Amino acid sequence: MTALDPNAPPAGGNAAAPVDVPTMLLASTFPLDPLGDAEDAQVKNRAKVGSARPSALLYTFGIGSVMDLPQFSIMPAGLDDWEPIWRRRQFVPQIDEPRLLDAIRILLPKVSQLRPFPWQPVPHARSADGSDLGIPARVFPQWMRCTGCDFLGPLARFEYTNTHPFRPDLACFEHVGCPGRRRQTDDQPSPGGKGKAPKKRQRRSPAVPARYLLACPDGHLDEFPYALWVHRGNDCPRGAEAPQLKLIDTNIGQGASAIVRCEACQTTRSMGEARGDSGQRKLPTCRGRHPHLNAFDRGCENQTKLIMMGASNLWFSATQSVIVMPRTTSEQRTVLADTLRAACSAEEITAVATLPGIMRTMLDRRTDLTGVSDEDLLAAAVQALAPPPDEQEREERLRTWDPVDLLVPEWEYLQKPSLFARQENASGLMVTEQATGERLPAPISRVIAVNRMKKINAMIGFTRIDELDRVADVSGRLVKLSTRPPTWVPATEDRGEGVFLQLDEPAVTAWEAQVLQTSIWTAHRQAHERNFTRRFSVTAALVDPATRLPAPRYWLVHTLAHLLIREMAMACGYGAASLSERLYAWPATDTRPAAAGLLIATTAADSEGTLGGLVALGEPERLQALVVSALRRASRCSSDPVCAGRVPRDPEDFLHGAACHCCCFASETSCEKANRFLDRRFLLRLPTSNGDTVPAFFGAADAV
């Protein structure tokens with residue numbers, strides 16, 4: 001068992017006490033508590049083996065993912081194993097955000113808390129503060145390959161070492177007594193000798209994880225059955241119960257190119273046979289294993305698929321996020337009610353439901369009660385005692401819920417400049433209306449500088465093999481974070497800045513009506529249907545693909561956001577991967593007004609905020625120069641005319657048009673749609689060779 005220290009220096013921090021990693025990893029009857037012996041005086045075999053930033057633990061290496069360390073790989077454990085860590089604190093810190101909690105409860109009805117990662121800052125390098133905190137993790141995969149002799153075996157066949165108190169990156173597994181890659185003549189008597197082979201030297205060679213795994217569409221992950229594979233599902237002909245195996249890398253091509261060999265019977269089999277549709281039929285059915293929970297699901301009969309460690313489709317995080325805004329009275333009471341539920345039982349709340357003084361004492365160390373009246377406290381107690389929604393009501397909310405619902409309050413707030421001067425400091429939001437420059441393209445009607453903002457991000461699950469379009473599609477595909485229904489989920493509180501641009505709604509509406517009649521939009525719609533059916537085959541029969549295709553205005557706003565990210569990165573002092581987009585683009589419906597705007601922001605979870613380099617670009621002179629430059633750069637791509645004329649045709653199912661890595665694509669951390677739904681032709685009039693045209697929102701680049 002290992003512990004991961006969030007937000008700690010990559011190669012420093014405080015080490016925990018000794019842990020017998022191989023033995024404890026194989027024990028499935030005990031909770032995972034790698035820091036349980038933190039008070040032990042010995043200093044051998046440190047428990048902490050690495051560190052990661054909070055954003056990485058949420059989006060890249062979260063619960064259930066495979067995280068590469070310098071010497072081996074680990075998998076952050078489920079929430080059940082976090083509880084022993086949190087019990088070391090009398091009060092568990094919480095992040096209060098009622099809008100986000102309300103959305104999460106649609107899928108996870110028992111969730112009542114958002115908790116940060118178990119970490120606390122230290123005053124100096126050798127301080128022991130926070131040394132008993134960390135994220136529990138399991139070594140995975142637990143089949144290792146010796147780099148000295150290609151020996152392939154389970155974790156128990158290797159020795160774990162790390163004796164440096166401040167170097168968790170030195171933790172590694174070693175093959176003790178590695179013979180190396182010897183020739184056949186190495187064991188023969190030496191010339192002129194007495195007929196004895198030279199004495200073998202015992203050596204230690206580092207071991208690395210065996211990189212082949214099995215996954216299924218329901219999110220299960222398992223070790224590859226090397227012994228069964230090499231013997232084609234049979235026992236070893238020589239009768240060896242646990243035959244010694246070797247994994248020999250042939251270095252031919254890429255991917256599954258290694259060969260598994262049994263040393264007892266000398267049988268070999270290439271891993272390349274497990275690739276593709278024909279190879280999938282040779283693999284066993286899924287056992288329903290969840291390594292992050294150390295548990296199995298019964299009844300999974302999916303066909304497994306070979307997947308490489310480090311593959312991009314091994315883990316997809318499912319998250320929700322909101323920008324914190326000044327709370328209404330109703331939202332403030334919801335926060336108090338959630339805090340009461342977490343602090344007290346229903347019987348305790350009932351006993352003091354009419355005594356605001358006692359309630360203040362109960363909540364004083366858990367939340368800030370400044371400005372909270374006795375009336376609000378009593379109303380919060382009534383709300384805390386109210387029964388939860390029944391299953392039928394929850395199912396109806398799940399069926400009708402749309403991710404846009406989280407964005408609508410933010411959009412409506414930005415439409416009311418009268419509220420900007422009365423902002424509450426507790427929300428962490430400060431915005432300023434900016435003037436529009438004379439050279440700023442006319443369709444950009446408003447510019448708002450977001451001087452300060454706070455963004456809450458929460459993880460609600462993950463998927464494998466295929467990303468989930470919406471959690472309501474097939475909730476069974478969303479892998480659970482704990483063995484029991486969770487009462488809390490991990491979250492981060494990011495602070496930063498940004499620039500908001502709003503497009504003129506009448507101009508967008510008129511342009512959108514024209515685009516819907518073009519052949520290019522028809523091609524995009526048909527490509528989306530093919531893509532949806534292939535990627536979401538489980539739900540394609542239940543969901544109309546047309547309801548999941550973003551409107552043309554989304555393609556317009558999305559493409560403009562990518563162009564601005566690439567341009568702003570060269571002027572704001574932040575890398576392009578540090579900038580992210582938040583898009584407000586949807587047509588009007590009966591329940592919400594139309595929106596067409598974008599927020600380019602940068603946030604950080606491990607600091608007090610950012611330095612102002614991005615919000616400074618919202619000044620009229622600087623912004624208009626950036627927008628004009630971004631549009632002119634987009635008028636020419638180094639891949640033109642191929643890029644400018646790209647239109648998906650059957651059987652192609654890519655979800656972009658005139659866009660590529662040279663002109664529009666952004667990093668995964670910047671784009672909310674994985675570089676889909678992009679087309680430069682929606683913004684500018686581009687030269688095409690196939691005759692396909694579409695109205696350009698900004699016209700020709702020379703006119704900008």
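My aim in this report is to walk through the structure given alongside it, one point at a time.

Scoring rules and cut-offs
Residues numbered from 1 in each chain as written. Predicted model: local features only at pLDDT ≥ 70, side-chain atom pairs only at ≥ 80, totals over all residues. Heavy atoms only, no water. Helix = DSSP H or I, 4+ residues; strand = E, 2+ residues; numbered from the N terminus. Contact = heavy atoms within 4.5 Å. Areas by Shrake-Rupley, 256 points an atom, 1.4 Å probe, with all protein chains shown as cover. 1 Å grid on protein atoms, 1.4 Å probe; cavity = no way out; pocket = protein on both sides within 12 Å on 5 of 7 lines; lining within 4 Å. Points joined across faces, edges and corners; volume = space filled by probe spheres on them. Nonpolar A, V, L, I, M, F, W, Y, C, P; charged D, E, K, R; others polar. Core = buried A, V, L, I, M, F, W, Y, C linked by side-chain atoms within 4.5 Å. Buried < 20%, exposed > 50% of the residue type's maximum accessible area, 1.4 Å probe, protein only. Polar contact = N/O pair within 3.5 Å; in protein donor to acceptor, adjacent residues only side chain to side chain. Phe/Tyr/Trp six-rings, centres within 6.5 Å; stacked < 30°, edge-to-face > 60°. Axes fitted to C-alpha atoms, helices over the stretch in contact; angles between N-to-C directions. Left-handed = near helix turned anticlockwise from the far one by under 90°.

Considerations on the overall build of the protein chain
Looking only at helices and strands, the protein chain has 16 helices and 25 strands in total. Put simply, of all contacts in the protein chain between residues at least 6 apart along the chain, 72% involve residues at least 24 apart. Only carbon and sulfur atoms are counted for the fraction: they give 50% of the accessible area of the protein chain, which is about 32500 Å².

Remarks on empty space enclosed by the protein
Counted according to the given criterion, the structure contains 7 cavities of 30 Å³ or more. Here the largest cavity is characterised by a volume of approximately 100 Å³. For the lining of the largest cavity, the elements supplying multiple residues, two or more each, are α12 (408-414) and β22 (444-463). A class-by-class count of the residues in the lining of the largest cavity yields 10 nonpolar, no polar and 1 charged.

Some thoughts on the nonpolar core
If you look at soluble globular proteins, the nonpolar side chains tend to sit buried side by side. Counting 57 residues, the largest nonpolar core has L503, L598 and L683 as the members making the most contacts within it. Elements that contribute at least two residues to this core include exactly β22, β23 (488-503), α13 (505-515), α14 (519-535), α15 (552-568), β24 (580-586), β25 (595-604) and α16 (620-634). With 10 residues, α15 is the largest single contributor of residues to this core. Look past the residues within four positions of L683 in its chain and what remains in contact with it is L556, T559, L560, L563, L631, A696, F697, F698 and G699. The next biggest cluster of nonpolar side chains, apart from the first, holds 56 residues, and it includes V111, I135, V139 and A171.

With respect to the environment of E159
When you line up the elements, E159 lands in strand β9 (residues 159-161). Apart from residues no more than four positions distant in its own chain, E159 is found in contact with C172, F173, E174, V176 and R204. A distance of 2.9 Å separates a polar atom in the side chain of E159 from a polar atom in the side chain of R204.

A few points about unusual backbone geometry
In this model, F140 is joined to P141 through a cis peptide bond whose omega is 0°. Topologically, P141 is positioned in the loop between β6 (135-139) and β7 (143-146). Here the amide bond leading from D640 into P641 is cis, since omega sits at 5°, within 30 degrees of zero. The residue Q266 is not glycine, and still its phi comes out positive at about 65°. Along the polypeptide, Q266 turns up in the loop between β15 (258-262) and β16 (268-270). Notably, N294 is not glycine yet its phi reads approximately 55°, a positive angle.

Considering the packing of aromatic side chains
Using the criterion set out here, one finds 23 aromatic pairs in the structure. With a centroid separation of 5.2 Å and 55° between ring planes, the pair formed by F224 and Y226 is classed as tilted. Judged by relative accessible area, which is 1%, Y226 ranks as buried. Between F224 and W229, the aromatic rings sit 5.6 Å apart at their centres with planes inclined by 70°, giving edge-to-face as the arrangement. A single burial state applies to F224 and to W229, both of which are buried. Every member of this aromatic cluster is reached through a ring pair, and the members are W511, W521, Y554, W555, F677, F682, F697 and F698.

A few points about the packing of α13 against α15
At a minimum axis separation of 9 Å, α13 and α15 run at an interaxial angle of 115°. Here the hand of the crossing between α13 and α15 comes out right-handed. Of the residues in α15, those in contact with E505, V508, T509, W511, E512 and V515 of α13 are P552, R553 and L556. Tallied by class, residues from the contact of α13 with α15 come to 5 nonpolar, 1 polar and 3 charged.

Quick notes on the side chain of D150
Tracing the chain through its elements places D150 in the loop between β7 and β8 (151-154). Engagement of the side chain of D150 in a polar contact is seen with the side chain of R145, the distance being 2.9 Å. Those residues in contact with D150 that lie beyond four places of it in its chain are R145, R181, L245, K246, L247 and I248.

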